[in-house]
Amino acid sequence: MRVVKGDFLKGLGSPRALVAAPTNGVVGARGLVMGAGAAKALAEAEPRLPRLFAEAVRRKGVYRSGAYLYGFVAVEVDGRSYGAFQTKAHFRDRADLALVRLAASRLRESLEARPGLEVHMAFPGIGLGGLRPEEVLEVLEETLGPAGARVVLYRL
């Protein structure tokens, strides 16, 4: 896993990339709530994502206390791959390391199923999530294992 300084949307320039943002589990009328930070930036880059992510979250997630628990989902739009990496149940919550671990395990499954895929993702759980980068990195490295070599995390 590499941690670089910059904008994770740079990954949109790579044909083998899945570009992912940290997300929550709230689905509203317009789809998965993606109203702040990297999630908002990704939704602005591809406006169909909230609706498409919501469909995937409803299929793969479990609904509890007003939010879905799904970990990680990926969708394709016009030949590009996008991912929602869950760090929070509700967008008002702080990020949760247990959700980061769940999301990382689901991301690992995706990487193992698609050998040529590389992931470009905004560093999850820090910033608006409130977690310390070193604790998130430890969980990611431990959970992703060797598949983590194909993940690039971006910090602003």
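See above for the structure.
Residues numbered from 1 in each chain as written. Predicted model: local features only at pLDDT ≥ 70, side-chain atom pairs only at ≥ 80, totals over all residues. Heavy atoms only, no water.

> Any chance you could explain the overall build of the protein here in plain terms?
When helices and strands are tallied, the protein shows four helices and ten strands. Each helix and strand of the protein, ordered N terminal to C terminal, gives the series β-β-β-β-α-α-β-β-β-β-α-β-α-β. Its C-alpha atoms give the protein a radius of gyration of 14 Å, near enough to 15 Å, the size a compact globule of 156 residues would have. Taken along its principal axes, the extent of the C-alpha atoms in the protein is 35 × 35 × 30 Å. The buried share among the 156 residues of the protein stands at 50%. In the protein, the proportion of contacts linking residues at least 24 apart, taken out of those at least 6 apart, comes to 65%. As presented, the protein carries roughly 7700 Å² of accessible surface, and 51% of it is formed by carbon and sulfur atoms. (Helix = DSSP H or I, 4+ residues; strand = E, 2+ residues; numbered from the N terminus. Rg over C-alpha atoms; globule rule 2.2 N^0.38 Å. Buried < 20%, exposed > 50% of the residue type's maximum accessible area, 1.4 Å probe, protein only. Contact = heavy atoms within 4.5 Å. Areas by Shrake-Rupley, 256 points an atom, 1.4 Å probe, with all protein chains shown as cover.)

> When you look at the pattern of salt bridges in this model, what are you seeing that I'm missing?
Oppositely charged side chains may form a pair once their charged atoms are brought near each other. Taken as a whole and assessed by the stated rule, the structure comprises nine salt bridges. Between aspartate 78 and arginine 48 there is a salt bridge, and its shortest N-O distance comes to 2.7 Å. Here aspartate 78 is found in the loop between β7 (72-77) and β8 (80-86), whereas its partner arginine 48 is found in the loop between α1 (37-45) and α2 (49-60), with 30 residues between them in sequence. Looking at aspartate 78, the relative accessible area reads 66%, which means it is exposed. With its nearest N and O atoms 3.7 Å apart, the salt bridge here joins glutamate 112 to arginine 108. Taken together, the positions of glutamate 112 and arginine 108, both in helix α3 (residues 97-113) and four residues apart, correspond to about one turn of that helix. A cluster of three or more residues bridged by salt bridges with shared partners is formed by Glu46, Arg48 and Asp78. (Salt bridge = Lys/Arg side-chain N within 4 Å of Asp/Glu carboxyl O.)

> In this structure, what is going on with unusual backbone geometry? I would like to understand it.
Among all residues except glycine, the phi angle is most often negative; among peptide bonds, the trans geometry is most common. The phi dihedral of serine 65 falls on the positive side, at around 50°, and the residue is not glycine. With respect to the helices and strands, serine 65 occurs in the loop between β5 (62-64) and β6 (67-69). Among the residues examined, serine 65 registers a relative accessible area of 82% and is labelled exposed. The phi torsion at aspartate 78 lies on the positive side, around 50°, for a residue other than glycine.

> For this particular structure, what's the right way to read the sheet that holds β7?
For sheets, the rule is that strands pair by backbone hydrogen bonds, running either parallel or antiparallel. Read from one edge of the open sheet, six strands run β1-β10-β9-β2-β8-β7, paired in mixed fashion. Edge positions in the open sheet fall to β1 (2-5) and β7, since each of these has one partner strand only. Here the average twist between neighbouring strands, direction ignored, is 25°. Of the pairings in the sheet, the one linking β7 to β8 comprises six bridges and is antiparallel in character. When the bridges of β8 are listed, alanine 74 appears paired with glycine 83. Seen against the sheet, α3 touches β7, β8, β9 (118-122) and β10 (151-155) and runs at an angle of roughly 155° to β8. Of the strands in this sheet, β1, β8 and β10 touch helix α4 (residues 133-144), which is tilted by about 170° from β10. (Pairing = 2+ DSSP bridges. Axes fitted to C-alpha atoms, helices over the stretch in contact; angles between N-to-C directions.)

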